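# Chain and residue survey
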Amino acid sequence: MRKKVVIVTGAGRGIGKEVALAFARKKYQVVVAEIDARTGNSTVDEINEMGEAAVFIKTDVSVVDEIERMVKCVETDFKRIDVLVNNAGISEFSEVFELDETQWDKVMNTNLKSVFFASRAVARVMKETGGSIVNMASTRALMSEPGGEAYGASKGGILALTHALAVSLGQYGITVNAVLPGWIETSDYKRLKKHHHEQHLSGRVGKPDDVARACLFLASRENDFITGTQLVVDGGMTRKMIYE
Ligand SMILES: NC(=O)c1ccc[n+]([C@@H]2O[C@H](COP(=O)([O-])OP(=O)(O)OC[C@H]3O[C@@H](n4cnc5c(N)ncnc54)[C@H](O)[C@@H]3O)[C@@H](O)[C@H]2O)c1
């Protein structure tokens, strides 16, 4: 039997890259759908060096045609799609009176519109076999700092879209779940200070592989009872009540 196939959007760096590596370790064939050719190819090289299969398909997920072309390529070349991780996203913040329509649309198109169109495109293939879709939301869907209107709304939209898709696609054996990362350090973990770690109930800031393991769990066929859910991966930060 041919190996399973996962598409990870935005897998050139950060959380997406770690998700791609985690699926490769589980012997999935990995499609890196990324806007940046340099980082996308470097993730593929790393997976190939592990002795596993991966391809880079240059994709701007904010453009529906590019998503559909990428999914068509995967269907033609691999003949199956088992998992989609909608990870690509931009974290843009703007003072509330400064946020303009262009920036609002950019954040929404990249973070939210992409999730619907990529999910629907893969579901057309997955509906023959079943499969799993994992959407990268954020704890900023649940709580805010000033200037987070566009980003927070895009991530809140992902939560609503996740349960809507879970309801529509359940009949085809497709699970759709959301992961809500909190503070996940994607650059130099060693530069973090003691108080950064201590503000987490878990006693440490998160790492990309904390999120990657959550994606593997939700995408596992053994967990096909779990759909439409939201898995918060934040070291307990959103459970900490603060009175100042
Ligand atoms: N790091 C965190 O603390 C954190 C917390 C909550 C949620 N998230 C979410 O997790 C996801 C990954 O975050 P990260 O910290 O690894 O981000 P990152 O900026 O390090 O990586 C994002 C990746 O997505 C790619 N990308 C951006 N726009 C794209 C587009 N239009 N098309 C295709 N690829 C595109 C980038 O090139 C990059 O490789 C995002 O959705 C983010 O909102 C991150």
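Figured I'd write up the structure that's included with this text. Since we're looking at a predicted model, the values are computed, not measured.

On to the overall build of the protein, then. Scanning the protein from terminus to terminus reveals seven helices and seven strands. Helices and strands in the protein line up, N terminus first, as β-α-β-α-β-α-β-α-β-α-β-α-α-β. Computed over C-alpha atoms, the radius of gyration of the protein comes to 17 Å, within 12% of the 18 Å expected from 2.2 N^0.38 for 244 residues, which places it in the range of a compact globule. Over its C-alpha atoms, taken along the principal directions, the protein stretches across nearly 60 × 40 × 40 Å. For the protein, buried positions account for 43% of its 244 residues. When contacts within the protein are restricted to residue pairs at least 6 apart in sequence, those whose partners lie at least 24 apart make up 71%.

Here we come to helix α7 (residues 208–219). Helix length check: α7, at 12 residues, gives a terminal C-alpha distance of 17 Å against a target of 16 Å (1.5 Å per residue), a fit within 8%. Among the 12 residues that make up α7, nine are buried, leaving the element largely enclosed by the rest of the structure. Those residues of α7 that sit buried are Pro208, Asp210, Val211, Ala212, Ala214, Cys215, Leu216, Leu218 and Ala219. Residues of α7 that are buried make contact with α1 (14–25), β4 (83–86), β5 (131–136), β6 (174–181) and β7 (230–233).

This part is about the sheet that holds strand β3 (residues 54–58). Spatial ordering of the open sheet is given by β3-β2-β1-β4-β5-β6-β7, a layout of seven strands whose pairing is parallel. Two strands bound the open sheet, and with one partner strand each, they are β3 and β7. Between one strand axis and the next, the sheet turns through 20° on average, direction left out of account. The strands touched by helix α2 (residues 37–49) within the sheet are β2 (29–34) and β3, with β3 carrying the most contacts at an inclination of about 170°. Docked against the sheet, helix α4 (residues 101–126) engages β1 (5–9), β4, β5 and β6, running at close to 180° with respect to β4.

How each quantity is defined
- Residues numbered from 1 in each chain as written.
- Predicted model: local features only at pLDDT ≥ 70, side-chain atom pairs only at ≥ 80, totals over all residues.
- Helix = DSSP H or I, 4+ residues; strand = E, 2+ residues; numbered from the N terminus.
- Rg over C-alpha atoms; globule rule 2.2 N^0.38 Å.
- Buried ≥ 20, exposed ≤ 12 C-beta atoms within 10 Å, placed from the backbone.
- Contact = placed C-beta atoms within 7 Å.
- Expected span 1.5 Å × (residues − 1).
- Pairing = 2+ DSSP bridges.
- Axes fitted to C-alpha atoms, helices over the stretch in contact; angles between N-to-C directions.

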